[in-house]
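Next come the chains, spelled out residue by residue.
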Amino acid sequence: MCGIIGYLGDKNALEIMIEGLTKLEYRGYDSSGLTIVSNENLYTVKKEGRIEKLKAAVKDLNLKGHLGIGHTRWATHGEPSDINAHPHMNMKNTISVVHNGIIENYIELRRELEAEGIVFKSDTDTEVCAHIIDKYYEGDLYEAVRRAVKILKGAYALGICAKDEPGRLIAVKKENPLIMGIAKDGYYISSDILAILDKTKDIIYLKDGQIVDIKKDEYKITNFNGEIIEEKIETIDIKTSDATKEGFEHFMLKEIFEQPDVIKNTISRRLNSKGLIDFEDLKLTAETLKSINRIYIVACGTSYHSGLIGKVIFEKFTNILTTVEVSSEFSCNLPKLDENTLVIFISQSGETADSISALKAAREKHAKILSIVNVLGSTLARLSDYTAYTWAGPEISVASTKAYSSQLILLYLIAIDFSKKLNLIDEKAEMEILNNLKEIPKKLSSLLNDLEIYKTFAKIAVSKNSVFYLGRFLDYYTAKEAALKLKEISYVHAEALPAGELKHGPLALIERDTPVIVISTNEKLHEKMISTIKEVKARGAKTIAIVSGEYEAFESVSDYILKLPEIDSIFAPLVSVIPIQLLAYFGAIEIGSDVDKPRNLAKSVTVE
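In what follows, the accompanying structure is described. (Residues numbered from 1 in each chain as written. Predicted model: local features only at pLDDT ≥ 70, side-chain atom pairs only at ≥ 80, totals over all residues. Heavy atoms only, no water.)

Inspection of the entire model under this criterion finds 34 salt bridges. As a salt-bridge pair, Lys 360 and Glu 175 come within 2.9 Å of each other at their nearest N and O atoms. Linking Lys 360 in helix α11 (residues 353-364) with Glu 175 in the loop between β8 (165-174) and β9 (179-183), this pair joins segments that are 185 residues apart in sequence. Accessibility expressed as a relative area gives 24% for Glu 175, which makes it partly exposed. (Salt bridge = Lys/Arg side-chain N within 4 Å of Asp/Glu carboxyl O. Helix = DSSP H or I, 4+ residues; strand = E, 2+ residues; numbered from the N terminus. Buried < 20%, exposed > 50% of the residue type's maximum accessible area, 1.4 Å probe, protein only.)

Below, the structure written as structure tokens:
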């Protein structure tokens, strides 16, 4: 994943590029660069490393211009370096291109271009775009781009400008996110609304296979054949404060603290005037649901973990057999699907490449598609038969927190809605469940009152090279998310295990002071979990127990204990996730890693 920003208008483009790239840095931060069109010349500056290096490089340059494109990179082709950073140029340095995504046939195209005498400077797939556009350029940048995209294979978003047309900005969208912003001072293109949120709230969500030709006072949108397309301008309802830390040291901590309100908001948006769950906008009718005999939940990373819990929820409330698959594996070994299958895709960004590929494969089998996403107008949302938005607001930290909680609460609400439509629960039972869910925000807030205990846990967790998270049933799925969080931002090897599997091999890895974190929220399983703690303690482990319900018996066997608020075990994942998020956060603080931008990772993976 990479971040693109572009501007053509009345203001100083350099300032807009730097501001936009700073806000897009979470999308990629191994290098960055920009091109400013000034005095009918292209001035390009590129730097390996964080945006601060680029800022320093342009600080004393007197670059004045009203047209610019910028890019922050997460490397896929070619190591991070000044040369491999975007923008990329043609040989004459008259055309500049920024790119998010992947050009699948770049090797073939590169060989053809080299045979024609083109000399490449970088190792990237992007550079072929600049040379191909140059090859077709005959004085009209739009026409050159339109011809070029017809031979470029893959998923990509492009921003292009040219020395010979200083008042023209071209943008292309094909299966990678790109929006256009319209303001009084000019036009913007961006990979994300957040980059231009303080400039305009009037947005066009570009669709796949579209080219935008922007000039000083006008723009046109066409398909790759040149046919003009009219797109609606939408006014977005996102607060500028959503893109700032608002006094928190990191976005991740802010987003952890936002979870009580996020859950409250997700619930309230799905209640009708009677206070009952209402998903009528999905248009997924009772008749359709009654034809469904199998559900697949497909997702990656953190969203996959919410899907694992979703499986339990859907089988409990709908009695429909539910299977969870990792998106990339789902495509590799496509199960038997038909019109009686519902495939639910879960993604924060709605742009996850593996999930998009899996969705297309499922559609070919005539399965019904429901997507749970956070980003309006995203690719998954547009390709689905039904879409449910989580309404979590922008999530900027690479490590997902509030998106996970909003996905979970939405899975509960959808499962209950399905149950109601299938006549499996009545109104009284629904209200009882809703009352339980409405208590969740208050319970989460109680866990955020005092952070000191999590700092203690974090010091223990990062004191050794490996950490083990143990749980049973739903707690095992929370343990998987816990291990992922610690790996992502604290760079500690963490493994999640079903507690009953410990003695079938992994117990051999437990030695003196090995951190073992046990999650136990189901009182019926407490006795088994206590036995597990005794097993690892006998091998010298340092244990932390995160417990709901009767907890006194844990005090005598655990080194540390965190008491969770009382909650029905079926809803416990919504609560038990807070401590493990904070543990990972303070673990990252303890070792001094970059919490919001962990190494080698980006917020959304838009290439397979």
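When two helices pack together, their arrangement is given by the angle between the helix axes and by the axis-to-axis distance. Taken N-terminus to C-terminus, the directions of helix α17 (residues 474-490) and helix α20 (residues 573-591) make an angle of 20°; their axes are 9 Å apart at the nearest point. With respect to α20, the element α17 is oriented roughly parallel. Seen along the crossing, α17 lies across α20 with a hand that is right-handed. Residue-level inspection shows Leu 474, Thr 478, Glu 481, Ala 482, Lys 485, Leu 486, Ile 489 and Ser 490 of α17 in contact with α20, the latter providing Pro 573, Ser 576, Val 577, Ile 580, Leu 583, Ala 584, Tyr 585, Gly 587, Ala 588 and Ile 591. Among the residues making up the contact of α17 with α20, the classes are represented as twelve nonpolar, four polar and two charged. (Axes fitted to C-alpha atoms, helices over the stretch in contact; angles between N-to-C directions. Parallel < 35°, antiparallel > 145°, perpendicular 65-115°, else oblique. Left-handed = near helix turned anticlockwise from the far one by under 90°. Contact = heavy atoms within 4.5 Å. Nonpolar A, V, L, I, M, F, W, Y, C, P; charged D, E, K, R; others polar.)

The eight strands lie next to each other as β3-β2-β4-β1-β10-β9-β11-β14, forming an open sheet whose pairing is antiparallel. Looking at which strands have only one partner, the edges of the open sheet turn out to be β3 (41-48) and β14 (234-235). In the packing of helix α1 (residues 13-24) onto the sheet, the strands contacted are β1 (3-9), β2 (31-38), β4 (67-73) and β10 (186-190), and the crossing angle to β1 comes to about 155°. Together, β2, β3 and β4 form the strand contacts of helix α2 (residues 51-58), whose direction differs from that of β3 by roughly 140°. (Pairing = 2+ DSSP bridges.)

Turning next to the environment of Ala 183. With respect to the secondary-structure elements, Ala 183 resides in strand β9. Exposure remark for Ala 183: the relative accessible area of 17% places this residue in the buried category. When the C-alpha atoms of Ala 183 and Glu 15 are compared, they prove to be 16 Å apart, with 168 residues separating the residues in sequence. With residues near it in sequence (within four places) discarded, Ala 183 still touches Tyr 188, Lys 199 and Thr 200.

Turning our eyes to something else, we now look at the packing of aromatic side chains. By the definition in use, this model includes ten aromatic pairs. For the ring pair Tyr 389 and Trp 391, a centre distance of 5.7 Å and an interplane angle of 55° mean the geometry is tilted. Relative accessible area serves as the criterion here: at 17%, Tyr 389 is assigned to the buried category. Take Trp 391: its relative accessible area is 30%, and that puts it in the partly exposed class. With centroids separated by 5.0 Å and ring planes inclined at 80°, the aromatic side chains of Tyr 585 and Phe 586 adopt a geometry described as edge-to-face. The same class applies to Tyr 585 as to Phe 586, namely buried. The cationic tip of Arg 269 hangs over the ring face of Trp 391; the distance from NZ or CZ to the ring centre is 4.0 Å. (Phe/Tyr/Trp six-rings, centres within 6.5 Å; stacked < 30°, edge-to-face > 60°. Lys NZ or Arg CZ within 6 Å of the ring centre and 35° of its normal.)

Turning to empty space enclosed by the protein, a few remarks are in order. Empty space among the atoms can be located by rolling a probe the size of a water molecule over them. Counted according to the given criterion, the structure contains two cavities of 30 Å³ or more. Reported here for the second largest cavity is a volume of approximately 40 Å³. (1 Å grid on protein atoms, 1.4 Å probe; cavity = no way out; pocket = protein on both sides within 12 Å on 5 of 7 lines; lining within 4 Å. Points joined across faces, edges and corners; volume = space filled by probe spheres on them.)

Axis separation between α1 and α2 bottoms out at 10 Å; the angle between their running directions is 165°. Here α2 runs roughly antiparallel to α1, going by the angle between their axes. The chirality of how α1 crosses α2 is left-handed. In this structure, α1 contributes Leu 14, Ile 18, Leu 21 and Thr 22 to the contact, and α2 contributes Ile 51, Leu 54, Lys 55 and Val 58. When its residues are assigned to classes, the contact of α1 with α2 shows six nonpolar, one polar and one charged.

The next thing to look at is the sheet that holds strand β12 (residues 210-215). Across the sheet, six strands lie side by side as β5-β6-β7-β8-β12-β13; this open sheet has antiparallel pairing. Because the sheet does not close on itself, it has two edges, and the strands there are β5 (88-89) and β13 (219-223). Here β5 runs beside strand β6 (residues 95-103); their pairing, made up of two bridges, is antiparallel. Paired with Met 89 across the two strands is Ser 96, which belongs to β6. Each of β5, β6 and β7 (154-162) touches helix α4 (residues 127-136); the most contacted strand, β6, lies at about 130° to it. Seen against the sheet, helix α5 (residues 141-149) touches β7, β8, β12 and β13 and runs at an angle of roughly 25° to β8.

The values reported here are purely geometric and, on their own, carry no functional implication.
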